[in-house]
Structures are given as structure tokens and as C-alpha cells.
Amino acid sequence: MPIPKVFIARRIFQEALDMISAEADVELWSDELPPPYETLLQKVANVDGLLCLLTDKIDAQLMDAAPNLRSISQIAVGFENIDVEEATRRGIPVGYTPGVLTGTTADMAFALLMAAARRLVEGAEAVRAGKWKTWHPLHYLGPDVFGGTLGILGMGRIGLEMAKRAQGFDMPILYYDVYRRPKDVEKQYNMTYAPIDTVLRQSDFVSVHVNLTPETYHLISHHELHLMKSNAVLINAARGPVIDPAALYLALKEGQIGFAALDVTEPEPITMDDPLLTLDNCIIVPHIASASVPTRLRMSTMAAENLLAGLNGQPMPNCVNPEVYEK
Ligand code: DGY
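Scoring rules and cut-offs
In this convention, every chain numbers its residues from 1, walking through the sequence in written order. Totals for whole chains, interfaces and linings use every residue, but because this is a predicted model, local features are given only for residues with pLDDT of at least 70 and side-chain atom pairs only at 80 or more, for both listing and counting. Side-chain calculation: all heavy atoms of the structure are included, whereas hydrogens and water are not. Only a pair of cysteine sulfur atoms within 2.5 Å qualifies as a disulfide here. Buried, partly exposed and exposed residues are distinguished by accessible area as a fraction of the type maximum, computed with a 1.4 Å probe on protein chains only: under 20%, between the cut-offs, and over 50%, respectively. The helix count covers DSSP runs of H or I at least four residues long, the strand count covers runs of E at least two residues long, and both are numbered beginning at the N terminus. Counted as positive: Lys and Arg. Counted as negative: Asp and Glu, with His and the chain ends omitted from the count. What counts as a salt bridge is simple: a side-chain nitrogen of Lys or Arg found within 4 Å of a carboxyl oxygen of Asp or Glu. Throughout, a residue-residue contact means that at least one pair of heavy atoms, one from each residue, lies within 4.5 Å. This arc is built from the directions going out from the helix axis to the C-beta atoms. Between any two strands, pairing holds if DSSP finds at least two bridges. To get an axis, a line is fitted to the C-alpha atoms, and for a helix only the part in contact is used. The angle between two axes follows their N-to-C directions and goes from 0 to 180 degrees.

### Details of the state of the cysteines
- For the structure on display, the rule yields zero disulfides.
- We note that Cys319 lacks a disulfide partner, and the nearest cysteine sulfur, in Cys52, lies 13 Å from it.
- Overall, Cys319 belongs to the buried group, its relative accessible area being 13%.

Below you can see the structure in the form of C-alpha cells.
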């Protein structure tokens, strides 16, 4: 059998690259920025396999441009950039990297919660700018984290990890999800299931952990932000478009809520004229919640395993559309 051709849309860990190079003829996109869509269309023209990221649009037009494509593997647990239905229609398996980034992402969500509550970024920036003149009883005040009520929207894998972390801070948890967790799990983590409005009204911290779907697009907008406490902290390490950024700006500016801490924005990257960037009570980091060395390494090797399985006609270990194997 001829050696398969693969396009890898960004630099990845060497371990993963070695795995793929051992079995395929690889072209690697080594720029820091993603290949422009038009370039990607050209790059995939003769490939059998594609290793891609959230920032690459993988749609029907791209699949048309890649008539030999038989394995798509994404280095991410999310895959809203891929037209999975279209891939399935064409019998192409799509790989992803679930599970491995759960704890790492929850760590970041909790770090954002603490950073916002205790005004770490403002404080650190003030020190660098030479603004630390004295100890002042009224400077850099924020809420206590311990004992505060944590609201979790979306009690999937990452939401549950967030709940576990909150145990060490004696935080009661209110949560909403379309699926309720079993009672023993609720008891174990001091979690109370409640309607979304109640979670928003009664929580001191609200952390968003839902997938982006048509139903969760702008799930948090003017109405929801008005329900929240005036000193509440809103954390988003899920997907930017779950929160309406214009509504968030107004809520932060007018003191409807206290702080926000975002790992993700709408759009990404955030544009430099976005008014959220003018606010001291909003921390924004560049979608780095899964960026620990072990997690990103494992994501890369999982993506390599999926890609190679797809090329070898074997079931991908982590496949978004396993129904392709039933055909
Ligand atoms: C994902 O995997 O979907 C994250 O957003 C990036 O790690």
C-alpha cells in the first residue's frame, strides 16, 4: 500500500510528530498562525489524513477539496469547527481528545475564580507600574473565596472537577445542567440542583462549563446578568459565545456584577478595540485552560493515535462519529 499523506495544521509535540512520521508522509504547517482557509484547501488536495485544531474550519468545501481524505483528527475535546455530519455522510471518522484535559481545565477555571476575586492581575500590574506606595485598608478589596456559593452551569466532566476543587474551600454548590447528577454524587460534593435563574441569583461565583450549541449560544446575556449578585464573579473557561460580550461589558461597567474572568472570548482572538479590555474588573487570558505540559502532550499523542487508526482503517480510540464504522 502506498504511504499515506498527512497534513498537520500546526507544530505539535515531537513525540506525536514522530508517531505520525513513522507511518506517513507528513507536511507540517510550522507558522505560529493557522493556515488561511484558502491555503488549507490547497494543502489538503492530496492528503489521506488531516490533523487540525479548533481554529481550522473543516467544512464540506474543504472535504470536496480533499477527495482522498479518510481520517480527520482534531487536537481538542471541542469540535464545533468541524462539520461532523458532513464527514459522517462521507464515511470519514473524526477524532478528538476527550477526558485528558478535564482536570487541567478545571484548575484554570478555579485559578481564574481566585485571580478575579482576589484581584491578582490588577495587583501584579500595579506593582510593575510602580504604584505600590503603601499598605492600605481599602485597596484591592474583593470577596472571600472560601465559604462562597459556587454556581456551576454545565455539570459534565469539567463542571464536576470544578465542584471537587471547591470542596477544599468549603463552598456550597448550586448547579444547573439539562442532566441531573445522581443523588450520591450531589451529596458527596455538597451540590444542589436548581433552575438556572436560581443558580444565577444565589451564587457568589458562577462558572460556565457548557458545550457551545445553538441552545447555549449567548446563554448568559442581559437578563441573566441582571439576575446575578452585584459582587458576583463570572468565570468562563468553556466557549466564548456562551456569554454575550456586549451584555457582559455593560454588566461589568454598570456594576450589575463584580468581576469576570475569561479564558475564552467571542471572537477569538478578542479584537484590541473590544471594550472588555478597558475594564479593570475583567481578566482575559488567551484560551489556555488546557495548556499544561502533560495535558497538551497527551492531547497531541491522542490525536496522533486517532489519525493513524483512521488511516489504517481501524476504529479511532476517540471518535466523534463512531457510526461511520457501522456503514
Ligand atoms: C478544547 O480542547 O476544546 C479546548 O478548548 C482547547 O484545549
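### Concerning the side chain of Asp244
- By the element assignment, Asp244 lies in the loop between strand S10 (233–236) and helix H11 (245–253).
- For the buried Asp244, no salt bridge exists, and the shortest N-O distance to an oppositely charged side chain is 17 Å, to Lys253.
- The contacts of Asp244, once residues within four sequence positions are left out, are His218, Ile220, Ser221 and His222.

### Quick notes on helix H1 (residues 14–21)
- Along H1, the positions that sit buried rather than exposed are Ala16, Leu17 and Ile20. The arc that holds the buried residues of H1, viewed along the axis, is 100 degrees, so those residues lie on one side.
- Contact partners of the buried residues in H1: strand S1 (5–8), strand S2 (25–28), strand S3 (49–52) and helix H12 (293–311).

### Focus: the pattern of salt bridges
- Across all of its chains, the model carries 17 salt bridges by this definition.
- A salt bridge links Glu80 to Arg239; the nearest nitrogen and oxygen atoms lie 2.5 Å apart. Linking Glu80 in the loop between strand S4 (71–74) and helix H4 (84–89) with Arg239 in the loop between S10 and H11, this pair joins segments that are 159 residues apart in sequence.
- Take Arg239: its relative accessible area is 15%, and that puts it in the buried class.

### Things to note about the sheet that holds strand S8 (residues 191–193)
- Taken in spatial order, the seven strands make up an open sheet running S8-S7-S6-S9-S10-S11-S12, and their pairing is parallel. Lying at the two open borders of the sheet, with one neighbouring strand each, are S8 and strand S12 (282–284). Pairs of neighbouring strands in the sheet enclose a mean axial angle of 15 degrees, with direction left out of account.
- Sheet analysis places strand S6 (residues 150–153) next to strand S7 (residues 173–176), joined by four bridges and oriented parallel. From the neighbouring strand, Leu153 faces S7, where its bridge partner is Tyr176.
- Of the strands in this sheet, S6, strand S9 (205–208), S10, strand S11 (259–262) and S12 are in contact with helix H5 (residues 102–117), which crosses S10 at around 150 degrees.

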